[in-house]
Structures are given as structure tokens and as C-alpha cells.
Amino acid sequence: MSTASRPMARVGKPTGPLLRHRLADRGINARLLLLVPGLVFIVMLFVYPFLYGLTLSFQPMDGGGPFDSYRRFFEDSFQSSTIWKTLKLAIPSALFNVLASVPIAYRLRGKFRGKRFLTTVLVIPITLGTVLTAEGLLNFLGPAGWFNRALMSAGVINEPLPLINNYWGVFFSIVISGFPFAFLLILSYLSGIDPSLERAASTLGADWKERFRRITLPLLAPGLATTFCLTFVLAFSVFPSAILVGDPTNTTRVISIAAYQAAIEQYDWSFASAIAMIMGVIEIAVIGLVQLWRSQFYVGSTGGKGA
Amino acid sequence: MSTTLTRGGPATGRTPGAEPSRRRRVVATPGAWLVWGAVGIFLVTLLGVVGSVLVNSFGTQWFDSWMPNGYTLQWYSEAWSEYGLLAVIITTLEVAVAVVALSVILGVPASYVLARQKFPGKKIVYLLFLLPIMMPPITYGIPLATVLYKFHLAGNISGVILANLVPCVPFVIMTMTPFIEQIDPSIEHAARMSGARTWSVFTRILAPLLLPGILASSILVLVRTVGMFELTFLTAGPDSNTLVVALFNSMNAAGIRAQQTVDSMAVIYMSVMMILLVVALRFVNPTQLVSQVKEEQTD
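For the structure given in this document, a descriptive report is provided here. Bear in mind the structure is a predicted one, so any value in this text is a computation, not a measurement.

On to the interface of chain A and chain B, then. Contacts between the two partners involve 101 residues from chain A and, on the opposite side, 101 residues from chain B. In total, about 8800 Å² of surface goes out of reach between chain A and chain B, with carbon and sulfur atoms giving 75% of it. Area buried by chain A at its contact with chain B is led by Phe46, Arg107 and Trp146 of chain A, which between them contribute 9% of it. Across the contact surface, chain A and chain B share zero salt bridges. Summed over the shared surface of chain A and chain B, the result is four residue pairs in polar contact (both at pLDDT 80 or more). By residue number, the principal contributor to the side of chain A that touches chain B is helix α6 (residues 115-141) of chain A, which donates 21 residues. A per-class count over the side of chain A that touches chain B returns 65 nonpolar, 22 polar and 14 charged.

Shown next, in the form of C-alpha cells:
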């Protein structure tokens, strides 16, 4: 219809409809207005607070230069050591979650009886959340808990293992809530790989090791990278369990505790924002490194539907 | 399963006897034992974690034995009255329902545009919607709480709702966009050819087709919001705590009250989550959230 009306319209209004059509060709039309509410919302409640926090972090509460909040963080070893403590907790646990998920998901990717049940059971810890997991771990792994009791009555150990209120308590809490998440993601990435590719490889005489290394792993690499990033981000921001099952004044004083204490306990929003920005930068750096590693691998379709 | 079938090669072949030999193989391989063992250990730990909370919440005294000395319901009534749980649960539901409704209203139109149209700056818009999901809540939660306190929006229920919307609107967008993409656009074209206006295309063509997707993502948003700790914790005031924050506060102030009241509150929280989860799993298959499973080909 536009081709018929355009010449006539051009006579009446030289640019009006023509401009509209030209914009429509580039994808700008009235439908874009549907995007406005969501976009306004994100700008107001995500972008603006973020920029506000960024400027606030350069305005220390007690005066001083613009970088004083950052300098305070890095000069005080009590604060700056939280970065190392957090990474020491987040990277091993995220790696464990991903690496343990791969063989299990590889083995369980086909159809078998009870798959739906297993995936349902594995979703439970994700929904339980870290607070409840922390409470359960305190009971279960505590000195008088079932775990230590079972080991002691089996004669494996003589004294209860110290598993809570230290590094390991937080580690277990990250594994319990993070492993199912990583497993389900990797399982769905694996199911997205076209099984006929592997069948073709086995027709050509590849054994399962070669099939895994040359077919499955390269196709899975992007999925592994994404899964690692997501579990790392979860583990990096570990907060409730670091307080409840950890040792929040010393070994598991992670960076989110430092940020929280600055914000809620000292009302020093400038310092808290600075810590939040440092957290963001470290996360982006780790995610960037992982994506860089990922870009070395095959990028494209995995043959599966919608993957 | 296809691996075990093909691994035998031409020797075992696809003879009628392949079925029992496959089953024996799965049981025999050490790899399978290892995998099922790891899954078993994880499930036993999970059972121990959940079970010990459950048992402790019903126990009278439990110090140095396998099971408590006796069982009682007193901790539940204590927790219920001491923490004002009825009010807390009502707040939790109010927050969750408001977040679900608002995030669907804000998210679905945006995901429609993202699914159907190419426009300049689409990648930036996409990234903008992706960031709140990729970032951990506490990172943007602190600046967000600062801003909300500045405008006197935090410390009450509206602040909690606004803060929880930040990851939920992008979540709806990210789950709805692939869902809309799979709906054949020619259905909409046909409706337009027959003279339907945008509004009636939306209400009479798209809405019925989108309903399963909207339902699925709103249930996931509901579960997320009830379980969301950090953002609620940073923005809630004394009257606007949700269940998970009330649970954290009671655990963190341990020593004042009996451990069992905390546990019974944890059980109440757990049952709320379980009910939501059972409802959610009726509509959503967890493995299909990322990509569609090619069921018909994996024999």
C-alpha cells in the first residue's frame, strides 16, 4: 500500500510520510513504544542508582579527595583482604560446581526412568535459598550433627570435624545451592547438542574419550563458560551464609560483608558504594577472562533446537 | 543412553538381545557407579540438611543423641506469635504478587519488541536488560538502596517491591523473548490482513498464545521474589520484612530464643517454597529453561 500512496503524499507533504517509511525500514516505528516502560524502569532503578553510586563513591563522607574511599579500602588490610578471601571462596567452589556437573550431566543426559524426579529434587536447593541452607548445615554438619555422629560411630574419626563456622561451612553452602544450578544448566546445554553428531563420530571409529574431547567438549565450551560465570557470580556475592555458617569476623569476611557493614552499620554510603563498585569491577574482570577463553572455541550453532 | 548403545559397535549390534545387554552395561561400568555415587552423596547431604531442620523443629530437647528425646508442636506456636509470622507471610505475599504483576506488565511488551523487531541500538537495550540478571544483587543493591532512601522510598513495602522488580523485569524479558520468537509471526500477519488493529492482535491473538509463557515466568518470578534475600534485606524496614529476611534476622540474633523456634520458622518458610515449587513444576520443566530439549532424537 505504501508504494501506491507514497508519490501522492510526497506532493502534499514533502518529508512527512517519507521519513516515517524510511524510519520504518530501519526498524523504527510505533511498536518501539512498547519498549519504553521497561526501558524507563531499568534506567531509573538500575542505571541511575548505579551512576549515583559511582559518583557517591568519589565523594567521601568525611571530605577528602575523590579517591579517598578507594584509598581507604586498599590501604586498610582488614578491608582489602576481603577481595582475596572472596576469590579464594568463589573460584574453587564455582569450579567445583561446574567440573562436578559435567561428568554427571554427560552420563545422565539421555532419557532414563526418574529423570524428571531427579531434576525436581535438584531444583529444591535452589529454591531453599542460602539462609535455609545455612540453618540446615549448622544442624547437620555441627559437632553433634548427624554427619559427625555417623563418622564417629563408624570409627572413621575420634573427634567431630570442624565443618561449620569456618571456610568449609561457606564452601558447602555454595555447593549445595550452586551445584544443582550448574548441573541443570549443563544438562540443558548438553541436551541441546545434536546427538547425531556424536553418532557420526562413532561411525567413523571414535571411542567415547575422543568423542567427548573432539565433539562434545568444544560444543559445550560456551555453555561451560556461561555456567561458570553464573555460578561464580552467585558464589562471589555470597552473603547470608558467610555470616551464618562462616567465620564472619575473620576467615570468611567476604567483600559483601564489608560493603554491608559500611552501608547498614556505619551509614557510610560513599564507602559502601566504593566497595560495591570494586565488587562489580572484579566480577566483570573474571567474566571477561572467561569469555576470552571461550572465544578460543567454536562459536555457532550446536545443532540442537533453540540452543 | 545412546553412548552405551553405540559403544558396543557392530559386535553387539541392534539385535533383539540388545535391550538386556544395555541394562547390564549401565550397572557394570565404574563410571556409572561413580556418577550415581556422587548424586547419592549429594542427595543424602541434602536430605540431612533439610531433615535435621525438620526434626529439630519438632523436638523437645536434642543434644547428644541421634534423635530428639520427645516431640512437640510448641516451637511452632512460639515462633508464630513471637515473630508475628502471620503479618510477615502477608507482607511476603503482597510483595510477591505486586512484583509478579508489575514485572509482567513492564516486561512482556518489551520482550515482544525484542523478539519481533530489529532496530538500531538493539544490542545495547539487550545488554541493559541482561545486566541486572548477571550482576549479583548485593552489588547494585547498595547503590539502589541509597537512592531509594534518598527519595524516602525504602524502609517500607514500596521500597521492597521496587528493589525486587529490578532483577525480575529483566528475568521476564529474558524468558519471554525466546517464547515469543517461537510463535509464528504469520498468525499475526493473517490477523492484520483481516483488519485487526494492534490492540485486538494483542488481546485476541497474542495473549492466548502467550499465556503459558507468562504463567511460567510469573511463577518463576514468584519463587525468586519469595526467596530473594539481599535486595529485601537492604530495603526493608521493620514492618516490611519478608519471610526470608525475618528468618535471617532471627538466626543472626541467636542466643535470645531457642534454636527450635528458628528451625520451625525455617520449616514454615520451606513449606511456602515447596508449595510454590510444586505449583511451578506443573508448568515449567527446569531443563527447558535454557534451550529446548530435543527429546524425540535422544533414544
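Below, the discussion takes up helix α7 (residues 146-153) of chain A. Burial in α7 of chain A covers these residues: Trp146, Asn148 and Arg149 of chain A. Angularly, the buried residues of α7 of chain A cover 165 degrees about the axis, an arc narrow enough to put them on a single face. Tucked inside the fold, the buried residues of α7 of chain A contact α6 of chain A together with α4 (30-58) of chain B. Gly155 of chain A sits one or two positions beyond α7 of chain A and adopts a positive phi of about 80 degrees.

Relative to the helices and strands, Asp268 of chain A resides in the loop between α12 (255-265) and α13 (269-294). Of note is the side chain of Asp268 of chain A, whose polar atom sits 3.1 Å from the side chain of Arg72 of chain A.

The next point concerns the environment of Val50 of chain B. When you line up the elements, Val50 of chain B lands in helix α4. Here the alpha-carbon distance between Val50 of chain B and Met270 of chain B, two residues 220 residues apart in the chain, equals 9.0 Å. If we ignore the near neighbours within four places in the chain, the residues touching Val50 of chain B are Leu128 of chain A together with Met270 of chain B.

Residues and elements named next belong to chain A. A cluster of nonpolar side chains, Leu33, Val36, Val40 and Met44, forms an exposed patch at the surface whose accessible area comes to about 380 Å². Mapped onto the elements, Val40 comes out in helix α3 (residues 36-57). A residue is classified by how much of its surface remains accessible, and Val40, at 42% relative accessible area, is partly exposed.

This part is about the pattern of salt bridges. Residue and element names in this part refer to chain A. In total, this model carries four salt bridges over all chains according to the counting rule given. We note a salt bridge from Arg71 to Asp68, for which the minimum N-O separation is 3.2 Å. One end of the pair, Arg71, and the other, Asp68, are both in helix α4 (residues 68-75), three residues apart, so they sit about a helical turn from each other. On the basis of relative accessible area, Arg71 is assigned to the partly exposed category, the value being 46%. Across the pair Glu198 and Arg211 runs a salt bridge whose closest N-O atoms are separated by 3.2 Å. A residue pair is termed long-range when its members are at least 10 positions apart, and Glu198 in helix α9 (residues 195-203) and Arg211 in helix α10 (residues 208-236) qualify at 13 residues. By relative accessible area, which is 11% here, Glu198 ends up buried. For Arg211, a relative accessible area of 3% gives the class buried.

To continue, consider the packing of aromatic side chains. The full count for this structure, using the stated rule, is 29 aromatic pairs over all chains. Ring centres of Phe239 of chain A and Phe248 of chain B lie 6.5 Å apart, and the angle between their planes is 25 degrees; on these two criteria the pair is classed as stacked. Taken together, the positions of Phe239 of chain A in the loop between α10 and α11 (240-244) and Phe248 of chain B in helix α13 (residues 243-252) put the pair across two chains. Taken individually, Phe239 of chain A and Phe248 of chain B each receive the classification buried, so the pair is uniform in this respect. Joined through ring pairs, the aromatic side chains of Phe96, Tyr167, Trp168, Phe171 and Phe172 of chain A make up one cluster. Over the ring of Phe271 of chain A we find Arg72 of chain A, and its NZ or CZ is 3.9 Å from the ring centre. One cation-aromatic arrangement involves Arg224 of chain B over Phe171 of chain B; the distance from NZ or CZ to the ring centre is 4.8 Å.

Rules behind the numbers
- The numbers attached to residues start from 1 for each chain and follow its sequence in the written order.
- Chain labels run from A onward and ligand labels from 1 onward, assigned in the order the entries are written.
- Note on the predicted model: pLDDT of at least 70 is required for a residue's local features to be given, and 80 or more for side-chain atom pairs to be given and counted; whole-chain, interface and lining totals, by contrast, use all residues.
- Derived side-chain values reflect all non-hydrogen atoms in the structure, with water molecules and hydrogen atoms excluded from consideration.
- Only heavy atoms enter the contact rule, under which two residues are in contact if any of them lie within 4.5 Å.
- Defined here as a combined quantity, buried area equals the accessible surface (1.4 Å probe) lost by two parts on assembly, summed across both.
- Salt bridges are identified by distance alone: a Lys or Arg side-chain nitrogen within 4 Å of an Asp or Glu carboxyl oxygen.
- Polar contact is defined as a pair of N or O atoms within 3.5 Å, subject to the rule that within protein one atom must be able to donate a hydrogen and the other to accept it, and that residues adjacent in sequence are counted only when both atoms are side-chain atoms.
- Here a helix means four or more residues in a row that DSSP labels H or I, a strand means two or more in a row labelled E, and each is numbered from the N terminus.
- Three classes are used, and their members are as follows: Ala, Val, Leu, Ile, Met, Phe, Trp, Tyr, Cys and Pro are nonpolar, Asp, Glu, Lys and Arg are charged, and the others, Gly among them, are polar.
- We call a residue buried when its accessible area falls under 20% of the maximum for its residue type, exposed when it is over 50%, and partly exposed in between, using a 1.4 Å probe and counting protein chains only.
- Along the arc lie the directions from the helix axis toward the C-beta atoms.
- By definition, no residue in a patch forms a salt bridge, and every one has over 30% relative accessible area; like charges are joined within 9 Å, nonpolar side chains (Val, Leu, Ile, Met, Phe, Trp, Tyr) within 5 Å.
- Per-residue and other accessible areas were derived by the Shrake-Rupley procedure at a 1.4 Å probe size, with only the shown protein chains allowed to occlude residues.
- Only the six-membered ring of Trp is used, alongside the rings of Phe and Tyr, when aromatic pairs are assigned; centres must lie within 6.5 Å, and planes under 30 degrees apart are stacked while those over 60 apart are edge-to-face, with the rest tilted.
- Two limits define a charge over a ring: the Lys NZ or Arg CZ must be within 6 Å of the ring centre, and within 35 degrees of the ring normal.

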